[in-house]
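For reference, the chains in residue letters:
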Amino acid sequence: MQIIRDIATLHRAVAALKQGGKSVALVPTMGALHDGHLSLVQMARRVADHVVVSIFVNPTQFGPNEDFAAYPRDEARDAALLVNEGVSLLWAPDVAVMYPGGHSTHIEVAELGADYCGAARPGHFDGVATVVAKLFNQVRPDIAIFGEKDWQQLAIIRRMARDLDFALDILGAPIARDADGLALSSRNAYLSPEQRRAAAAFPNALKAAAAALANGGDMYETLAKAEAAIVAGGFDSVDYIALADAASLERLADVRPPARLLAAARIGKTRLIDNYPVG
Ligand code: AMP
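Residues numbered from 1 in each chain as written. Predicted model: local features only at pLDDT ≥ 70, side-chain atom pairs only at ≥ 80, totals over all residues. Heavy atoms only, no water.

(A) Spotlight on the nonpolar core. Counting residues in each nonpolar core, the largest one holds 47 residues, and the members touching the most others are Leu-89, Phe-136 and Ile-170. Every element with two or more residues in this core is listed here: helix 1 (7-18), strand 2 (24-29), strand 4 (89-91), helix 6 (124-139), strand 5 (143-147), helix 7 (151-163), strand 7 (237-245) and strand 8 (259-267). The leading source of residues in this core is helix 6, at nine residues. Discounting chain neighbours no more than four positions away, the residues touching Phe-136 are Leu-26, Pro-141, Ala-144, Phe-146, Ile-157, Met-160, Phe-166, Leu-168 and Ile-170. (Core = buried A, V, L, I, M, F, W, Y, C linked by side-chain atoms within 4.5 Å. Buried < 20%, exposed > 50% of the residue type's maximum accessible area, 1.4 Å probe, protein only. Helix = DSSP H or I, 4+ residues; strand = E, 2+ residues; numbered from the N terminus. Contact = heavy atoms within 4.5 Å.)

(B) Highlighting the sheet that holds strand 1 (residues 2-4). Strand order in the open sheet formed by six strands is 1-4-3-2-5-6, with parallel pairing between adjacent strands. The sheet is open, and its two borders are formed by strand 1 and strand 6 (169-173), each paired with just one other strand. Across the sheet, the mean angle from the axis of one strand to that of its neighbour is 25 degrees, orientation sign disregarded. Pairing of strand 2 with strand 5 involves two bridges; the strand directions are parallel. Bridging across to strand 5, Leu-26 finds its partner in Ala-144. Running at roughly 150 degrees to strand 4, helix 1 makes contact with strand 1, strand 2, strand 3 (50-55) and strand 4 of the sheet. Against the sheet, helix 6 makes contact with strand 2, strand 3, strand 4, strand 5 and strand 6, and its axis sits at roughly 145 degrees relative to strand 2, the strand it touches most. (Pairing = 2+ DSSP bridges. Axes fitted to C-alpha atoms, helices over the stretch in contact; angles between N-to-C directions.)

(C) Main features of empty space enclosed by the protein. Under the counting rule described, the total for this entry stands at one cavity of 30 Å³ or more. Estimates place the volume of the largest cavity at around 40 Å³. Grouping the constituent residues of the lining of the largest cavity by class yields five nonpolar, two polar and two charged. (1 Å grid on protein atoms, 1.4 Å probe; cavity = no way out; pocket = protein on both sides within 12 Å on 5 of 7 lines; lining within 4 Å. Points joined across faces, edges and corners; volume = space filled by probe spheres on them. Nonpolar A, V, L, I, M, F, W, Y, C, P; charged D, E, K, R; others polar.)

(D) Inspection of the packing of helix 9 (residues 201-214) against helix 10 (residues 219-232) at higher detail. Across the interface, helix 9 lies against helix 10 with an axial gap of 9 Å and an inter-helix angle of 165 degrees. By the criterion of interaxial angle, the relationship of helix 9 to helix 10 is roughly antiparallel. Judged by the sense of rotation from one axis to the other, the crossing of helix 9 with helix 10 is right-handed. Between helix 9 and helix 10, the contacting residues are Ala-201, Phe-202, Ala-205, Leu-206, Ala-209, Ala-212 and Leu-213 on the first element and Met-219, Thr-222, Leu-223, Ala-226, Ala-229 and Ile-230 on the second. Split by residue class, the contact of helix 9 with helix 10 holds 12 nonpolar, one polar and no charged. (Parallel < 35°, antiparallel > 145°, perpendicular 65-115°, else oblique. Left-handed = near helix turned anticlockwise from the far one by under 90°.)

Structure below.
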């Protein structure tokens, strides 16, 4: 696996991978890789001839009081995992390569980025969309793969690719979970053992609520019950819990497929997100 840190070398290396009409799939990540990331890499291997993984902790998608500095970083460990998965190329630019002095152009995500995580994290999705657009232009993959774990992000990137005519396919990969149901996340590393034990209350409450809604349960009652169960389970607060149209992300007053239950909750200093299909 080649580890590349500058754009000119990247362009040459990707051109070499594409020789003979071979396809390239890109899996963008922020590193601190876990089995959720690796499931995306495995999907990429199934759908393309070569897999490129990017690791870039993108400062512009973190708010001033968020965890950019503390975000876990261990490139050597990540690289070893990716070698094992048969990845061809690791694209690992540093901040000065991604944002050279004078960088001043960004993508603004309109209504899809306003609600849910966008409401709690102003500017977050503009930062995500901009860096993903740059990654698409840098790597020029045929396919890019994103996790359904970040459902709003996936919807925004699909829309961006359509709106800005990126010539690639976007694939969503199912959420990888621990045995107790907690979605795998690099941020789970922040949880104390006690918080980690409590954290399963979050997916369990969402799963139960999604089933209740699919069975005709009253929406306000069901969501209030889920929120109470999450807090009773040891969370400090629920940022949002909402039934949304799976593609437009519009809030729904009742179940209209394809619908998705989206939520974020805080336990100690850690903010976790998750989602389940409804019906
Ligand atoms: P991140 O490193 O957190 O930016 O995540 C990189 C990619 O991995 C994103 O497309 C995420 O949606 C995806 N991802 C993270 N955790 C999971 C998970 N538990 N299951 C599936 N995909 C995931």
